[in-house]
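# Secondary and tertiary structure notes
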Amino acid sequence: MYLHLGQDVVVRSRDIVGIFDIENTSVSKITKEYLTDQEKKHRVINVSSELPKSFIVCSEGEKEEKVVTVYISQISCATLKKRSGYVDKLGLA
């Protein structure tokens, strides 16, 4: 199954590591540091033409060559989770 994140970007649902609300998680020091680190590694892709609402962490590629990519999307976290069938580690959709 594939998930449209915005603009012309589509990812495989099985590659999704996490879907996060940008407002709720951006207040976390750990999250800010993680996103800053990924941005320095050129692994953040903005697929939002408006104010971003979510960010999606994907691990793409084959076993030894997995690459983490962070996508910034204008689609809400709840909508992306519903469309992808994503279930977080707490078992909540």
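One can find the structure itself at the top, above this paragraph.
In this text, all values refer to a predicted model and were calculated from it rather than measured experimentally. (Residues numbered from 1 in each chain as written. Predicted model: local features only at pLDDT ≥ 70, side-chain atom pairs only at ≥ 80, totals over all residues. Heavy atoms only, no water.)

### Focus: the sheet that holds strand 5 (residues 54-60)
Heads up, the rule is: At least two DSSP bridges between two strands are needed for those strands to be called paired. In DSSP terms, a helix is any run of H or I states spanning at least four residues, a strand is any run of E spanning at least two, and both are numbered starting from the N terminus. Lines fitted to C-alpha atoms define the axes, with helix axes restricted to the stretch in contact, and inter-axis angles between N-to-C directions lie between 0 and 180 degrees.
Overall, mixed pairing links the four strands, which are arranged 3-5-6-4 in an open sheet. Pairing within the sheet leaves two strands with one partner each, and these edge strands are strand 3 (16-21) and strand 4 (44-46). Mean inter-strand twist for the sheet, computed between neighbouring axes without regard to direction, equals 20°. Sheet topology places strand 5 next to strand 6 (residues 67-73); seven bridges connect them, and they run antiparallel.

### Observations regarding the pattern of salt bridges
Two side chains with opposite charge may pair up if their charged atoms get near one another. Applied cut-off: Only one rule defines a salt bridge in this text: a Lys or Arg side-chain nitrogen within 4 Å of an Asp or Glu carboxyl oxygen. A 1.4 Å probe rolled over the protein chains alone gives each residue an accessible area, and that area as a share of the maximum for its type sets the label: buried under 20%, exposed over 50%, partly exposed in between.
In the structure shown here, the tally under the stated rule is two salt bridges. A salt bridge links R12 to D15; its shortest N-O distance comes to 3.0 Å. Residue D15 is classed as buried on the basis of its relative accessible area, which comes to 7%. With its nearest N and O atoms 3.2 Å apart, the salt bridge here joins D37 to K41. The exposure class assigned to D37 is partly exposed, which follows from its relative accessible area of 33%.

### Let's talk about the side chain of T31
Rules: Whether two residues touch is decided by their heavy atoms; if any such pair falls within 4.5 Å, the residues are in contact.
Counting through the fold element by element, T31 comes out in helix 2 (residues 29-40). Excluding residues that lie within four positions of it along the chain, T31 makes contacts with T25 and F55.

### So, the pairing of strand 2 (residues 9-12)
Across the two faces of strand 2 the burial differs, with V9 and V11 buried and V10 and R12 not buried at all. Here four bridges tie strand 1 (residues 2-6) to strand 2, and the two strands are oriented antiparallel to one another. Residue pairing in the sheet places G6 in a bridge with V9 of strand 2.

### A closer look at the packing of aromatic side chains
We apply this condition: Each Phe, Tyr or Trp ring, with Trp reduced to its six-membered ring, pairs with another whose centre is within 6.5 Å; inter-plane angles below 30 degrees give stacked pairs, above 60 give edge-to-face pairs, and intermediate values give tilted ones.
Tallied over the full model, the rule gives one aromatic pair. Considering the side-chain rings of F20 and F55, the 5.0 Å spacing of their centres and the 25° angle between planes classify their relative orientation as stacked. Separated by 35 residues along the polypeptide, F20 in strand 3 and F55 in strand 5 bring together distant segments of the chain. Its relative accessible area of 32% is what places F20 among the partly exposed residues.

### Description of the state of the cysteines
Covalent bonding between the sulfur atoms of two cysteines is what defines a disulfide. Going by this rule: Note on terminology: pairs of cysteine sulfur atoms within 2.5 Å are recorded as disulfides.
Tallied over the full model, the rule gives zero disulfides. Looking at C77, it has no disulfide partner, and the nearest cysteine sulfur is the one in C58, 13 Å off. Exposure remark for C77: the relative accessible area of 11% places this residue in the buried category.

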